[in-house]
Amino acid sequence: MSPVWSDEAIWWQVYPLGFVGAPPAAVSGAGPVHRLRRLEPWLDHAAGLGCTGLLLGPIFASETHGYDTVDHFAIDPRLGDDADFDALIAQARERDLRIVLDGVFNHVGRSFTGDAGWLRKRPGAADYDTFEGHHRLVALDHAQEAVQDYVVSVLGHWLDRGADGWRLDAAYAVPAEFWRQVLPRVRARHPRAWFAGEVIHGDYAGYVARSTLDSVTQYELWKATWSSLNDRNLYELAHALDRQDAMLATFAPLTFVGNHDVTRIASQLDDPRHLGHALAVLFTVGGVPSVYYGDELGLRGVKEERAGGDDAIRPAFPPSPADLPEAGRDVYALHRRLIGLRRRHPWLARARTNVTHLTNRTAALRTGIGGDRALLTLLNLDDQPWRCPVDITHATLAEAGDSGEGDPAVVPAHGWRILIDKPA
């Protein structure tokens, strides 16, 4: 069972190596450069946004992008050292922000400092197995007890130092039974730790059940959100929400409209008027939402399938929020309002969504628990105003993509509204 606090979490996801402007590759023998401290001035930004914690990308010693780890017990020298990590934890604690770390335990970099016997080879093969054909990413042998012991020790080490949980990268490539062996041992010492796995497609609920993970990444809803808005086909969104309802019976998925691996939502959407619609969905349906750094400012960036193709979506940030340009302040304000609404209704994490009205371009999403707590999210992708046919006699307007004036049941063209539904 997930720790109680995780259902109320709202994450600000950061890719540290990019955020602090670290060099793209590690230099052998180089001493630590204390760039991790550059995150500290941004903690107030995250807290002010309404987020409750940082979902950090890789911070451990690696060869290049962080997902080719060579030493899970060492901070990447491009980011600093243990003292920098401890300082970040202390500063986050002062602001009641939690920290979740990104751990890659499916594969490691070629210069991995651990036992070479832990790496996986096929019988008779000359070289090690790799992750999805990437020569520099060598697979760990998850059938070995020694590998299980190693992962248990890594997870516990950083939880001991103050981390609150882990995002487990490429969890979908790791046998679920491996996590089933590892996680109970870690939870025995850290029962309040939260573990979310990266799973892109397939049977999310089944993987959670077999692995004992607390959560997995909700790529289905991510794709359905922007795709339905671009195609003006809200049936796709309704289908994804119906599938998510089945998941919520056993776990709260990690939801998002952007992360370090995908094109930013501001670039993904064909019509910029629909950004608010995507955010309204993210913050009013079930799950544990996260905001990828820069999305709250309306930053653009396209992921490309080539070497360096992630650079545009993993940019360096200025020294402090005071250095941000004025552009994007309206997007920040919108995020802040919707996150505030989410925090006033923390029960949303496990709430089910009933699509009470649906056409290609209009939808009414009623998300609630029982009969007395619900939000009604109205989406209009049409070129004309739309009057929602759902009875809203007892509903009050909470947020809107427009001034919110007039009849709350009438949604402007390309508009959205969120109502608090209080049945008689």
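Higher on the page you've got the structure.
A short tour of the structure in this document, coming up. The numbering scheme is per chain: residues are counted from 1 as the chain's sequence reads. A pLDDT threshold of at least 70 governs which residues receive local features in this predicted model, and a stricter bar of 80 or more applies before side-chain atom pairs are shown or counted, although totals over entire chains, interfaces and linings include all residues. Excluding hydrogens and water, the side-chain figures rest on all heavy atoms present in the structure.

Quick look at the overall build of the chain
- Segments assigned H or I by DSSP are reported as helices when at least four residues long, segments assigned E as strands when at least two residues long, and all are numbered from the N terminus. From N to C terminus, the chain includes eleven helices and 20 strands.
- A radius of gyration in this sense is built from C-alpha atoms; the matching globule rule multiplies 2.2 Å by the number of residues raised to 0.38. Over its C-alpha trace the chain gives a radius of gyration of 22 Å, about what one expects of a compact globule, namely 22 Å for 424 residues.
- Each principal axis of the C-alpha distribution contributes one length, and for the chain these read about 65 × 45 × 40 Å.
- Three labels apply to residues, based on accessible area from a 1.4 Å probe with only protein chains included: buried if under 20% of the type maximum, exposed if over 50%, partly exposed otherwise in between. Counting all 424 residues of the chain, 58% fall into the buried class.
- Here the analysis covers contacts within the chain between residues at least 6 apart in sequence; of these, 72% occur between residues at least 24 apart.
- Using the Shrake-Rupley algorithm and a 1.4 Å probe, accessible areas are obtained, with residue cover drawn only from the displayed protein chains. About 16600 Å² of surface is accessible on the chain, with carbon and sulfur atoms providing 52% of the total.
- Charged-residue counts in this description rest on Lys and Arg as positive and Asp and Glu as negative, His and the chain ends being excluded. Note on charges: their place is set at NZ of Lys, CZ of Arg, CG of Asp or CD of Glu. The positive charge centre, built from 43 side chains, and the negative charge centre, built from 55, are 2 Å apart in the chain. Note on contacts: a residue pair is in contact if any heavy atoms of the two residues lie within 4.5 Å.

Description of helix α10 (residues 275-284)
- Counted residue by residue, α10 has ten buried out of ten residues, so it is predominantly covered.
- Within the span of α10, buried status applies to L275, G276, H277, A278, L279, A280, V281, L282, F283 and T284.

Considerations on the environment of H239
- If you trace the backbone, H239 turns up in helix α8 (residues 234-248).
- A relative accessible area of 52% places H239 in the exposed class.
- Taking the C-alpha atoms as reference points, H239 and E220, separated by 19 residues in sequence, lie 9.8 Å from one another.

Here we look at the pattern of salt bridges
- Salt bridges are counted wherever a side-chain nitrogen of Lys or Arg sits within 4 Å of a carboxyl oxygen of Asp or Glu. In this structure the tally under the stated criterion is 33 salt bridges.
- Two residues, R120 and D129, come together in a salt bridge whose shortest N-O distance is 2.9 Å.
- Through salt bridges with shared partners, a single ionic network connects D102, R167, D169 and E198.

Overview of the sheet that holds strand β10 (residues 194-197)
- Read from one edge to the other, the open sheet built from eight strands follows the order β11-β10-β9-β5-β2-β1-β13-β12, with strand pairing classed as parallel. Only two strands of the sheet have a single neighbouring strand rather than two, namely β11 (215-216) and β12 (254-255).
- When DSSP finds two or more bridges between a pair of strands, those strands are recorded as paired. Relative to strand β9 (residues 165-169), strand β5 (residues 98-104) is paired through five bridges, and the arrangement is parallel. Bridging across to β9, L101 finds its partner in W166.

A few points about the packing of helix α4 (residues 145-160) against helix α5 (residues 176-187)
- The N-to-C vectors of α4 and α5 enclose an angle of 40°; their axes lie 9 Å apart at closest approach. Accordingly, the angle class assigned to the pair α4 and α5 is oblique. Taken as a pair, α4 and α5 cross one another with a handedness that is right-handed. Taken together, the residues of α5 that come into contact with α4 (itself represented by V147, Q148, D149, V151, V152, L155 and L159) are F178, W179, Q181, V182, L183, R185 and V186.
- Here the nonpolar group is Ala, Val, Leu, Ile, Met, Phe, Trp, Tyr, Cys and Pro; Asp, Glu, Lys and Arg are the charged ones; every other residue, Gly included, is treated as polar. Residue composition of the contact of α4 with α5, by class: ten nonpolar, two polar and two charged. In this analysis, axes come from line fits to C-alpha atoms, helices being fitted only over the stretch in contact, and the angle between any two N-to-C directions falls in the range 0 to 180 degrees. Oblique is the label for any angle not covered by the other classes, which are roughly parallel (under 35 degrees), roughly antiparallel (over 145) and roughly perpendicular (65 to 115). For any helix crossing, the convention is left-handed if the near helix is rotated counterclockwise from the far helix by under a right angle, and right-handed if that rotation is clockwise.

Some words on unusual backbone geometry
- Here A170, not a glycine, exhibits a phi torsion of approximately 50°, which is positive.
- Inspection of the secondary structure assignment puts A170 in the loop between β9 and α5.
- Here H414, not a glycine, exhibits a phi torsion of approximately 55°, which is positive.
- Secondary-structure assignment places H414 in the loop between β19 (410-411) and β20 (416-421).

Some remarks on the side chain of T362
- With respect to the secondary-structure elements, T362 resides in strand β15 (residues 362-369).
- Among the polar contacts listed, one links the side chain of T362 to the side chain of H357, at a separation of 3.1 Å.
- Definition of a polar contact: a pair of N or O atoms within 3.5 Å, with one able to donate and the other able to accept a hydrogen when the atoms are protein atoms, and with sequence-neighbouring residues admitted only if both atoms are side-chain atoms. Side chain to side chain, T362 and T359 meet in a polar contact 2.6 Å long.
- The residues touching T362, leaving out its near neighbours within four places in the chain, are L234, H357, L379, N380 and W386.

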